[in-house]
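Here are the chains, one letter per residue:
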Amino acid sequence: MTSGRLPRPVYLDMDPGHDDALALLAALRAVTVRGVTTVAGNQRGELTFLNARRVLRVAGRTEVAVRRGYDQPLLRRLVTAEQVHGASGLDGYHFQPEPEPSPDDGMGAMEWLDHRLAAEPDPVDWVATGPLTNVAAFLLGHPHRKRQLKQITFMGGSLGAGNVTPYAEFNTYVDPEATALVLSSGLPVAMVGLDVTLKALLAHGDIDRFLRLPGEVGAMLFGLFRFFGGHEPSANAGGMPVHDVLAVAAVAHPEFFRWQDVPLRVECRDPERRGAMTRVEGFPVTRVAVEVDVKAFFDWLWRTLEG
Ligand code: RIB
Ligand code: CA
């Protein structure tokens with residue numbers, strides 16, 4: 001954070017989701033969260049919308065606006081990750097009481113983003129941690145708002161193996177067309193892919209440390225990640241991934257990462273390789289994280305949560 005100035009303003013687009021929930025909590029402390037839009041991905045749209053509001057209620061931050069985005073990918077049937085995040089999308093913790101009914105005036109994510117970005121004095125960061133359906137749809141429908149966006153940073157894709165198929169990471173698998181549209185939007189795009197997020201594993205024993213956090217947040221994170229550690233397919237003896245948190249870290253501290261500008265193609269035709277990312281000269285260039293300082297990342301995460 002630059003001394004004397006508020007942390008940078010950030011819009012979040014998420015599909016909570018356990019790691020999205022941790023990313024939201026980190027963002028609430030590390031940057032200035034202007035609002036959250038939710039998208040179908042880890043679970044159906046009505047559940048990811050409820051889950052974002054559940055986490056904000058536990059964090060005592062119900063003043064943060066949450067608006068519901070799309071319930072299905074641009075062109076495809078929704079594939080969820082219920083086997084990872086559970087029937088609620090945030091299994092492992094009993095949210096009681098439920099958040100108050102959303103006070104919004106029924107305004108959906110697209111209209112709300114249009115209004116809010118129009119009022120931004122300077123270009124802002126947009127961090128996406130689910131399928132890029134909302135981001136792509138908004139850019140298609142509101143090209144005049146691109147001037148209010150500084151950069152889109154997303155967790156998704158992989159320069160290596162996938163986690164849904166051998167080729168594709170979940171977010172890009174769910175909506176490859178949306179990913180391709182965002183990469184070719186003409187905006188600066190930064191990608192934190194699976195190959196990097198799998199290097200930053202939260203040790204199973206470290207979830208006890210959540211219990212030291214004040215209030216209900218600690219108990220919530222402990223329950224959520226006790227569940228997640230037993231269901232995330234990439235979890236191993238070394239720990240469990242916290243994929244989406246690295247996208248927030250990439251905005252707050254890009255220096256934790258080594259970046260490469262890569263011309264990326266997203267596979268949208270071949271059913272077997274759907275969502276696969278390949279380096280193809282001549283394609284739009286995306287700034288891709290290729291390494292992460294794992295110690296610096298976790299030192300930051302605990303400092304941010306415990307600070
Ligand atoms: O592949 C990991 C990504 O898919 C993360 O965003 C996780 O929340 C799931 O949405
Ligand atoms: Ca996610």
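Residues numbered from 1 in each chain as written. Chains lettered and ligands numbered in written order. Predicted model: local features only at pLDDT ≥ 70, side-chain atom pairs only at ≥ 80, totals over all residues. Heavy atoms only, no water.

S.K.: I keep staring at the overall build of the protein chain and nothing clicks. Help me out?
M.R.: Of the regular secondary structure elements, the protein chain holds eleven helices and eleven strands. Referenced to the eigenvectors of the C-alpha coordinate spread, the extents of the protein chain come out at roughly 50 × 45 × 40 Å. Evaluated residue by residue, the protein chain yields a buried proportion of 58% over its 307 residues. At a minimum sequence separation of 6, the contacts of the protein chain that also span at least 24 residues come to 80%. Just so you have it, the protein chain exposes about 12,400 Å², and 52% of that area is on carbon and sulfur atoms. Here the protein chain contributes 31 positive and 37 negative side-chain charges, whose respective centroids are spaced 3 Å apart. (Helix = DSSP H or I, 4+ residues; strand = E, 2+ residues; numbered from the N terminus. Buried < 20%, exposed > 50% of the residue type's maximum accessible area, 1.4 Å probe, protein only. Contact = heavy atoms within 4.5 Å. Areas by Shrake-Rupley, 256 points an atom, 1.4 Å probe, with all protein chains shown as cover. Lys, Arg positive; Asp, Glu negative; His and termini not counted. Charge placed at Lys NZ, Arg CZ, Asp CG, Glu CD.)

S.K.: What is the right way to read the nonpolar core from this model?
M.R.: When a protein is soluble and globular, its nonpolar side chains tend to lie buried together. If you look at the biggest cluster of nonpolar residues, it comprises 67 residues, and the most contacted ones within it are Phe210, Phe225, Phe257, Phe297 and Trp300. In terms of residues, this core owes the most to one element, helix H1 (residues 18–30), which gives nine residues. Sequence-distant contacts of Phe297, defined by excluding residues within four places in its chain, comprise Ala200, Val242, Val245, Leu246, Ala249, Phe256 and Val292. Grouped together as the second largest cluster of nonpolar side chains are 32 residues, Met107, Leu113, Val135 and Met191 included. (Core = buried A, V, L, I, M, F, W, Y, C linked by side-chain atoms within 4.5 Å.)

S.K.: What exactly am I supposed to notice about the sheet that holds strand S4 (residues 124–128) here?
M.R.: Whether parallel or antiparallel, the strands of a sheet pair through hydrogen bonds between backbone atoms. A sheet is described by the order of its strands in space; here nine strands give the open sequence S3-S2-S1-S4-S5-S6-S11-S9-S10, paired in mixed fashion. Every other strand in the sheet has two partners, leaving strand S3 (66–68) and strand S10 (277–279) as the edge strands with one partner each. Across this sheet, the average inter-strand angle for adjacent strands is 30°, counted without regard to direction. Here strand S1 (residues 9–14) runs beside strand S2 (residues 32–38); their pairing, made up of six bridges, is parallel. Along S2, the bridge assignment pairs Asp13 with Thr37. (Pairing = 2+ DSSP bridges. Axes fitted to C-alpha atoms, helices over the stretch in contact; angles between N-to-C directions.)

S.K.: Looking at this structure, I do not really get the packing of H1 against helix H11 (residues 294–306). What am I missing?
M.R.: A packed helix pair is summarised by two numbers, namely the angle formed by the two axes and the spacing between the axes. Axis separation between H1 and H11 bottoms out at 9 Å; the angle between their running directions is 70°. Judged by the inter-axis angle, H1 sits roughly perpendicular to H11. Of the residues in H11, those in contact with Leu22, Leu25, Ala26, Arg29 and Ala30 of H1 are Trp300, Leu301, Thr304 and Leu305. Classifying every residue of the contact of H1 with H11 by side-chain character gives seven nonpolar, one polar and one charged. (Parallel < 35°, antiparallel > 145°, perpendicular 65-115°, else oblique. Nonpolar A, V, L, I, M, F, W, Y, C, P; charged D, E, K, R; others polar.)

S.K.: Any chance you could explain the site of ligand 1 here in plain terms?
M.R.: Residues in close proximity to ligand 1 include Asp15, Asp19, Asp20, Asn42, Thr129, Met155, Asn163, Glu169, Phe170, Asn171, His243 and Asp244, which together make up its full environment. A distance of 3.2 Å separates an oxygen atom of ligand 1 from a polar atom in the side chain of Asp15. Thr129 has a polar backbone atom sitting 2.9 Å from an oxygen atom of ligand 1. Notes on ligand 1: free accessible area 280 Å², of which the protein chains cover 97%. Taken together, the elements giving at least two residues each to the shell around ligand 1 come down to H1 and helix H6 (170–174). Split by residue class, the shell around ligand 1 holds two nonpolar, five polar and five charged. (Near = heavy atom within 4 Å. Polar contact = N/O pair within 3.5 Å; in protein donor to acceptor, adjacent residues only side chain to side chain.)

S.K.: Which parts of the structure should I look at to understand the coordination of the calcium ion (ligand 2)?
M.R.: Four donors placed tetrahedrally around a metal ideally meet at 109.5 degrees, and six donors placed octahedrally ideally meet at 90 or 180 degrees. Distances from the calcium ion (ligand 2) to its protein donors, namely Asp15 (OD), Asp20 (OD), Asp20 (OD), Thr129 (O) and Asp244 (OD), fall within the range 2.2 to 2.6 Å. Written as a sequence motif, the donor arrangement for the calcium ion (ligand 2) is D-x4-D-x108-T-x114-D. Within this pair, whereas Asp20 is found in helix H1, its partner Thr129 is found in the loop between S4 and helix H5 (133–141), the two being separated by 109 residues in sequence. You can call Asp20 buried: its relative accessible area is 0%. For Thr129, a relative accessible area of 1% gives the class buried. (Donors = N, O, S within 2.8 Å, 3.2 Å for Na, K, Ca; no water.)

S.K.: Is there a simple way to explain the pattern of salt bridges in this structure?
M.R.: Should the charged atoms of two oppositely charged side chains come close, the side chains can pair. Applying the stated rule across the entire model yields 15 salt bridges. What emerges from the salt-bridge pattern is a single network uniting Arg44, Glu46, Arg68 and Asp71. (Salt bridge = Lys/Arg side-chain N within 4 Å of Asp/Glu carboxyl O.)

S.K.: Got a minute to help me understand the pairing of strand S5 (residues 149–155) in this structure?
M.R.: The two faces of a sheet get side chains in turn, since along a regular strand they alternate between them. With respect to burial, S5 is a largely interior element, five of its seven residues being buried. In this structure, S4 lies alongside S5, joined through five bridges in parallel fashion. For Ala128, the partnering residue across the bridge sits in S5 and is Phe154. Where S5 lies against strand S6 (residues 189–192), four bridges are found, and the strand directions are parallel. Within S6, the residue paired with Ile152 across the bridge is Val189.

S.K.: Would you take a moment to explain H11 for this structure?
M.R.: An α-helix turns once every 3.6 residues. As a result, residues three or four positions apart point the same way. With 13 residues, H11 extends 18 Å between its outermost C-alpha atoms, agreeing within 8% with the 18 Å of an ideal straight helix rising 1.5 Å per residue. Among the residues making up H11, those that are buried are Ala296, Phe297, Phe298, Trp300, Leu301, Trp302, Thr304 and Leu305. The inward-facing, buried residues of H11 abut H1, strand S7 (201–202), helix H10 (245–252) and strand S11 (285–292). Two or three places before Lys295, at the start of H11, stands the capping residue Asp293, its side-chain oxygen 3.3 Å from that residue's backbone nitrogen. (Expected span 1.5 Å × (residues − 1).)

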